[in-house]
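# Coordinate analysis (summary)
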Amino acid sequence: QVQLVESGGGLVQPGGSLRLSCAASGSIFSINAMAWYRQAPGKQRELVATITSGRSTNYADSVKGRFFISRDNALDTAYLQMNSLKPEDTAVYYCNANIRTVVAGLPFNDREVWGQGTLVTVSS
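Small disclaimer: the values here were computed from a predicted structure and weren't measured. Every residue gets a number counted from 1 within its own chain, in the order that chain's sequence is written. Predicted model: local features are reported for residues with pLDDT of at least 70 only, side-chain atom pairs are reported and counted for 80 or more only, and whole-chain, interface and lining totals are derived from all residues. Hydrogen atoms and water are omitted, and side-chain values are computed over all heavy atoms in the structure.

## Regarding the pattern of salt bridges
- Salt bridge, as used here: a side-chain nitrogen of Lys or Arg that lies within 4 Å of a carboxyl oxygen of Asp or Glu. All told, the structure shown has 5 salt bridges when counted by the stated rule.
- Linking Arg38 and Glu46 is a salt bridge whose minimum nitrogen-to-oxygen distance equals 2.7 Å.
- Categorising residues by exposure relies on relative accessible area from a 1.4 Å probe, with only protein chains included: less than 20% of the type maximum marks a residue as buried, more than 50% marks it as exposed, and the intermediate range marks it as partly exposed. Residue Arg38 is classed as buried on the basis of its relative accessible area, which comes to 5%.
- In this structure Glu46 comes out as partly exposed when scored by relative accessible area, which is 34%.
- Salt-bridge contacts for Arg66 lead to Asp89; the nearest nitrogen and oxygen are separated by 2.8 Å. Of this pair, Arg66 sits in the loop between β6 (57–59) and β7 (67–72) while Asp89 sits in the loop between β8 (77–82) and β9 (91–103), and the two are 23 residues apart along the sequence. Helix and strand definitions here come from DSSP, where helices need a minimum of 4 consecutive H or I residues and strands a minimum of 2 consecutive E residues; each element is numbered from the N-terminal end.

In structure tokens, the structure reads:
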């Protein structure tokens, strides 16, 4: 019983900024790596950014220098700060996390979980 919920998507003008949130809930012992993916209509889902439990980050070349991933372990939440947005950034953005579940107060196993997605539209 673990799940992710994304929020923060919407309409923004080119050059603008938007911040996405990804909140995890359920029987969580800890959250390992977290990531943001995106999928535009008719295109394959692509990896945008990753962040490890140690807060090491990686970015797709197309967003490097513009997007920034972060996490707040106390809130079980990851964020994606998107700056200098371009029309080609338009997509449904999905959160992904590897979550260590807890059973009877002890770590149980690791599960990969996907959020439902949030739509980001960049248009003038």
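Read on for the rest.
## Remarks on the state of the cysteines
- Cysteine sulfur atoms are paired as a disulfide whenever they fall within 2.5 Å. For the coordinates displayed, the defined rule picks out 1 disulfide.
- Put simply, Cys22 and Cys95 are joined by a disulfide, and their sulfur atoms are 2.0 Å apart. Here Cys22 and Cys95 share a disulfide; its torsion about the S-S bond, -80 degrees, makes the bridge left-handed. Of this pair, Cys22 sits in strand β3 (residues 18–26) while Cys95 sits in strand β9, and the two are 73 residues apart along the sequence. An identical accessibility class is assigned to Cys22 and Cys95; each is buried.

## What about the pairing of β7?
- Only one face of β7 is covered, namely the face carrying Phe67, Ile69 and Arg71; the face carrying Phe68, Ser70 and Asp72 is uncovered.
- When DSSP locates at least two bridges between a pair of strands, those strands are taken to pair. Bridge count between β7 and β8: 6 bridges; the pairing is antiparallel. Counterpart to Ile69 in the pairing with β8 is Leu80.

## With respect to the side chain of Thr77
- Position of Thr77 among the secondary structure elements: in strand β8.
- With a relative accessible area of 9%, Thr77 lands in the buried category.
- Whenever two N or O atoms come within 3.5 Å, that pair is a polar contact, provided that in protein one can donate a hydrogen and the other can accept it, and provided that, for residues adjacent in sequence, both atoms are side-chain atoms. Within the local environment of Thr77, its side chain forms a polar contact with the backbone oxygen of Leu75, the two atoms lying 2.8 Å apart.
- The criterion used for residue contact is that any of the two residues' heavy atoms lie within 4.5 Å. When residues no more than four places from it in sequence are discounted, the contact partners of Thr77 are Ser21, Cys22, Ala23, Ser70, Arg71 and Asp72.

## Comments concerning the sheet that holds β3
- An order of β1-β3-β8-β7 is seen for the 4 strands of this open sheet, with the pairing classed as antiparallel. One side of each edge strand has no neighbouring strand; the edge strands of this open sheet are β1 (2–7) and β7. Direction aside, neighbouring strands of the sheet carry axes that sit 15 degrees apart on average.
- Inspection of the sheet shows β1 paired to β3 by 6 bridges, in the antiparallel sense. Paired with Leu4 across the two strands is Ala24, which belongs to β3. Axis definition: a line fit to C-alpha positions, over the contact stretch in the case of helices; interaxial angles, taken between N-to-C directions, run 0 to 180 degrees.

## Concerning the packing of aromatic side chains
- Two aromatic rings, drawn from Phe, Tyr or Trp (for Trp, its six-membered ring), form a pair once their centres lie within 6.5 Å of each other, and the interplanar angle then sorts them: stacked below 30 degrees, edge-to-face above 60, tilted otherwise. The final tally for this structure, using the stated rule, is 2 aromatic pairs.
- Seen in terms of ring centroids, Tyr37 and Trp114 are 4.9 Å apart; in terms of plane orientation they differ by 55 degrees. Their pairing is tilted. Remark: Trp114 occurs in strand β10 (residues 106–114) and Tyr37 occurs in strand β4 (residues 28–39); sequence separation between them is 77 residues.
- With centroids separated by 6.3 Å and ring planes inclined at 75 degrees, the aromatic side chains of Tyr59 and Phe68 adopt a geometry described as edge-to-face.
- Here Arg45 stacks its cationic end above the ring of Tyr94, 3.7 Å away from the centre of that ring.
- Charge-over-ring contacts are defined here by two conditions on Lys NZ or Arg CZ: a distance within 6 Å of the ring centre and an angle within 35 degrees of the ring normal. The cationic tip of Arg45 hangs over the ring face of Trp114; the distance from NZ or CZ to the ring centre is 4.8 Å.

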